[in-house]
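Single-letter residue listing:
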Amino acid sequence: MLLPLNKQILFALLGGLSLILLVHAQDEDPSGFVDTGESKLVLRYVKDFYQQPYWGVRSFPEGIRNCYKINVTTGDKYLIRVIFVYGNYDGKGKLPTFLLFLGTNLWDSVKVQNESYFINKELIHVAPRDYIHVCLVNNGSGIPFISAIELRPLNVTSYPTQIGSLSLHWRLDIGQTGPDLKYYRYPKDIHDRFWDPYDDVDNLWFTLNTSSTVDFDNHNPYEPASVVMSTAATAKNATDPLMLWWDPPVDANDTEYYVYMHFAELEKLQPNESRWQYITNNGELYMESFAASYLYTNTIYNRFPLRGSQNFSIIKAENSTLPPSINGLEIYTLKEFRELETNQDDVEAIINIKSAYEITKNWQGDPCLPLNYSWEGIKCNYPQSDSPRIISLDLSSSGLTGEISPSISNLAMIKTLDLSNNNLTGPIPDFLSQLRDLNILNLENNKFTGSLPLGVTEKINNDLLTIRFCDNPNLAGSEPCKTKKKKNKIIIPIIGAIAGISALILAGVVFLCFCKRKKRNGIGSDRDEDGGAVADDRCLGWTGGQ
């Protein structure tokens, strides 16, 4: 069976689910999740295919990067799903392509190829912080939009990897047969995973099925849907293997895969019957002979990623009386998100500053990364193996009011702070002197009162801080800011005169050098004369069984 790579599926999504979080684009007030964007509706004929929660989109015609911020529990494992249904919401019929980021890392590219089909991006991810950012980036190929973001909690022991997250490649209910193929999600699957039927177009397999419940006590950490596990595919010819194969994308031959095969025996076997089978991959032994448990799921998975093309064969063992079978299959690609997020203390500080001053700049997602989308007015340093730190904050001419936010004191590595040309009031806080690395402070043209704190004055006297605080009439020692226009009028002719003299001197030097060379070499040229037999249990995982 060649597994399809880009099969488009069109079916009605189920509503009424609230396992942990649904963020629907049609929500009129998405406050708390995203600050920007416009709510739109898909065309009427597209609505007929979907439940009401997916009738709307949120588009982002402004800004390069727009992000949703969603609170989660640090260390928990989630299925993160993002759904896109274009539905010609803008009436233009132009199918966009844009980028999808999780935090600071590229997750995938979203390429809309049909206005009524839905695009489903799924990721199994362990949250490193108590929030995640889902970001859409305009790469110049159309306006980004989104229909829904859905988060589902997963058993932390399921879907193990050595490193990284898992992006869904394919999830198949293999045992179904046509013509009435069905797609399953919640409530059939308690984790709301989408199960697609495999259509055996070559008619090579039989279907086994049972009316009994599989995994009635949910002993398997993956908890595949019972309706999926209640059917299985088996070869028509008992000696034929069940074959599953696929190739990586042509431009990504080094793609790494994690594969989860779900098995359950559906027949009550007689004493003289047995279903023993083993698995090979690319001609090498992958899993030694095993027998699945009756009405219980056994999951076989690789502990380390598989790279490149894969060719699995599930083969009847010599001592077996029955052909091999398989019920469900999940294939994921490994996503190694290597970009670290900005230091948590700095993030909390800058978010509090944004809130305190009600800053309307497009400050979304991570402040420092990716580099191309870092926040306006912020500069960071990037240690080789540590989180970025904010070292410069420029909020000049930003319409700020009130006092200097105490949250600035939590930007522990800041070197430059520019709060000039605002309407800030109150005294200058002493905590500014406690910022060890702060060496440039611009407070000019505000309405500060009182006098400079002693600590700030000491840093100035010790040449540790350069400060500008002119045009603060009620601040002791402040003077009107001096203009430099007259000085510029004097400097310009001087520079012109110096430039003229320099040109004459340079011409003289060149002439002297030319004369000396001519005298030494005559009219000649300046050129010189040279002119497997046993499976390794450490690499595989097995769960379930009675």
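Check the entry above for the structure.
Here is a short report on the structure shown in this document. These numbers come from a predicted model, not from an experiment. (Residues numbered from 1 in each chain as written. Predicted model: local features only at pLDDT ≥ 70, side-chain atom pairs only at ≥ 80, totals over all residues. Heavy atoms only, no water.)

## Focus: a nonpolar patch on the surface
- There is a patch of nonpolar side chains on the surface, built from Leu43, Tyr45 and Phe49 and spanning about 240 Å² of accessible area.
- By the element assignment, Leu43 lies in the loop between β2 (38-41) and α1 (44-47).
- Assessed through its relative accessible area of 32%, Leu43 is described here as partly exposed. (Patch = residues over 30% accessible without salt bridge, like charges linked within 9 Å, V, L, I, M, F, W, Y side chains within 5 Å. Areas by Shrake-Rupley, 256 points an atom, 1.4 Å probe, with all protein chains shown as cover. Salt bridge = Lys/Arg side-chain N within 4 Å of Asp/Glu carboxyl O. Helix = DSSP H or I, 4+ residues; strand = E, 2+ residues; numbered from the N terminus. Buried < 20%, exposed > 50% of the residue type's maximum accessible area, 1.4 Å probe, protein only.)

## Re the packing of aromatic side chains
- Scanning the entire structure with this criterion turns up 22 aromatic pairs.
- Consider the rings of Phe263 and Phe290, whose centres lie 5.1 Å apart with planes at 70 degrees: the pair is edge-to-face. Taken together, the residues Phe263 in strand β17 (residues 256-263) and Phe290 in strand β19 (residues 284-290) connect sequence positions 27 residues apart.
- For Phe263, a relative accessible area of 1% translates into the label buried.
- Residue placement shows Lys69 over the ring face of Tyr131; its charged tip is 4.9 Å from the ring centre. (Phe/Tyr/Trp six-rings, centres within 6.5 Å; stacked < 30°, edge-to-face > 60°. Lys NZ or Arg CZ within 6 Å of the ring centre and 35° of its normal.)

## Things to note about the sheet that holds β2
- In spatial order, the strands read β2-β3-β10; together these 3 strands make up an open sheet with antiparallel pairing. For this open sheet the edge positions go to β2 and β10 (145-146), each flanked by a neighbour on one side alone.
- Bridging between strand β3 (residues 56-59) and β10 involves 2 bridges; their strand directions are antiparallel. Note on β10: the bridge partner recorded for Ser59 is Phe145. (Pairing = 2+ DSSP bridges.)

## Quick notes on helix α4 (residues 454-461)
- Along α4, the residues classified as buried are Gly455, Val456 and Lys459. Seen end-on, α4 carries its buried residues on one side only, within an arc spanning 100 degrees. Opposite the buried face of α4, at more than 90 degrees from it, the exposed residues are Leu454 and Asn461.
- Buried residues belonging to α4 abut β32 (466-468).
- Remark: Asp463 follows α4 within two positions and exhibits a positive phi of approximately 55 degrees. (Arc of directions from axis to C-beta. Contact = heavy atoms within 4.5 Å.)

## Section: the nonpolar core
- Phe84, Ile132, Phe145, Ile146, Ile149 and Leu151 are the most contacted members of the largest nonpolar core, which has 37 residues in total.
- For this core, the secondary structure elements donating two or more residues are β4 (65-71), β5 (77-85), β6 (97-102), β7 (105-111), β8 (118-126), β9 (131-141), β10 and β11 (148-154).
- Take this core: its biggest share by element is 6 residues, from β5.
- When near neighbours in sequence (up to four residues on either side) are disregarded, Phe145 contacts Val57, Arg58, Ser59, Phe84, Val85, Tyr86, Tyr89, Pro96, Phe98, Val112 and Leu136.
- Counting 35 residues, the second largest nonpolar core, distinct from the first, contains Tyr357, Ile359, Leu435 and Leu441. (Core = buried A, V, L, I, M, F, W, Y, C linked by side-chain atoms within 4.5 Å.)

## A word on the pairing of strand β29 (residues 423-427)
- In the sheet, strand β27 (residues 401-402) pairs with β29 via 2 bridges, with the strands oriented parallel. Bridge assignment links Gly402 to a residue of β29, and that residue is Leu424.
- Both β29 and strand β31 (residues 447-449) contribute to a ladder of 3 bridges, which runs parallel. The partner of Thr425 across the bridge, within β31, is Lys447.

## As for the state of the cysteines
- If you walk through the whole model with that rule in mind, you get 3 disulfides.
- Each sulfur in the disulfide pair Cys368 and Cys380 lies 2.0 Å from the other. Taking the sign of the S-S torsion, about -80 degrees here, the bridge from Cys368 to Cys380 comes out left-handed. Of this pair, Cys368 sits in the loop between α3 (344-357) and β25 (378-381) while Cys380 sits in strand β25, and the two are 12 residues apart along the sequence. This pair shows no difference in class: Cys368 is buried, exactly as Cys380 is. (Disulfide = S-S within 2.5 Å.)

## Regarding the pairing of β19
- Here strand β18 (residues 277-281) pairs with β19 via 4 bridges, running antiparallel. Counterpart to Thr280 in the pairing with β19 is Leu285.
- The antiparallel hairpin formed by β18 and β19 contains 2 residues in its connecting segment, where Asn282 sits at a positive phi of about 50 degrees.

## What to know about the sheet that holds strand β30 (residues 440-442)
- A sheet is described by the order of its strands in space; here 5 strands give the open sequence β25-β26-β28-β30-β32, paired in mixed fashion. Each edge of the open sheet carries a strand with a single partner, namely β25 and β32. Strand-to-strand, the axes of this sheet are offset by a mean angle of 15 degrees, without reference to chain direction.
- Where strand β26 (residues 389-394) and strand β28 (residues 416-418) come together, 3 bridges link them in parallel fashion. By the bridge assignment, Asp394 is partnered in β28 with Asp418.
- Sheet strands touched by α3: β25 and β26. Its angle to β26, the strand with the most contacts, is close to 20 degrees. (Axes fitted to C-alpha atoms, helices over the stretch in contact; angles between N-to-C directions.)

## Topic: the environment of Thr157
- Looking at the secondary structure, you find Thr157 in the loop between β11 and β12 (165-173).
- According to the relative accessible area criterion, Thr157 is exposed, its value standing at 52%.
- When the C-alpha atoms of Thr157 and Tyr222 are compared, they prove to be 8.5 Å apart, with 65 residues separating the residues in sequence.
- Here Asn155 takes part through its side chain, which lies 2.7 Å from a polar atom of the side chain of Thr157. (Polar contact = N/O pair within 3.5 Å; in protein donor to acceptor, adjacent residues only side chain to side chain.)

## Some points on the side chain of Arg65
- Structurally, Arg65 can be placed in strand β4.
- At 2.9 Å, the side chain of Arg65 forms a polar contact with the backbone oxygen of Gln364.
- Excluding residues that lie within four positions of it along the chain, Arg65 makes contacts with Cys135, Leu136, Val137, Asn362, Gln364, Gly365, Asp366, Leu369, Pro370, Tyr373 and Trp375.

Nothing here speaks to function; it is all geometry.
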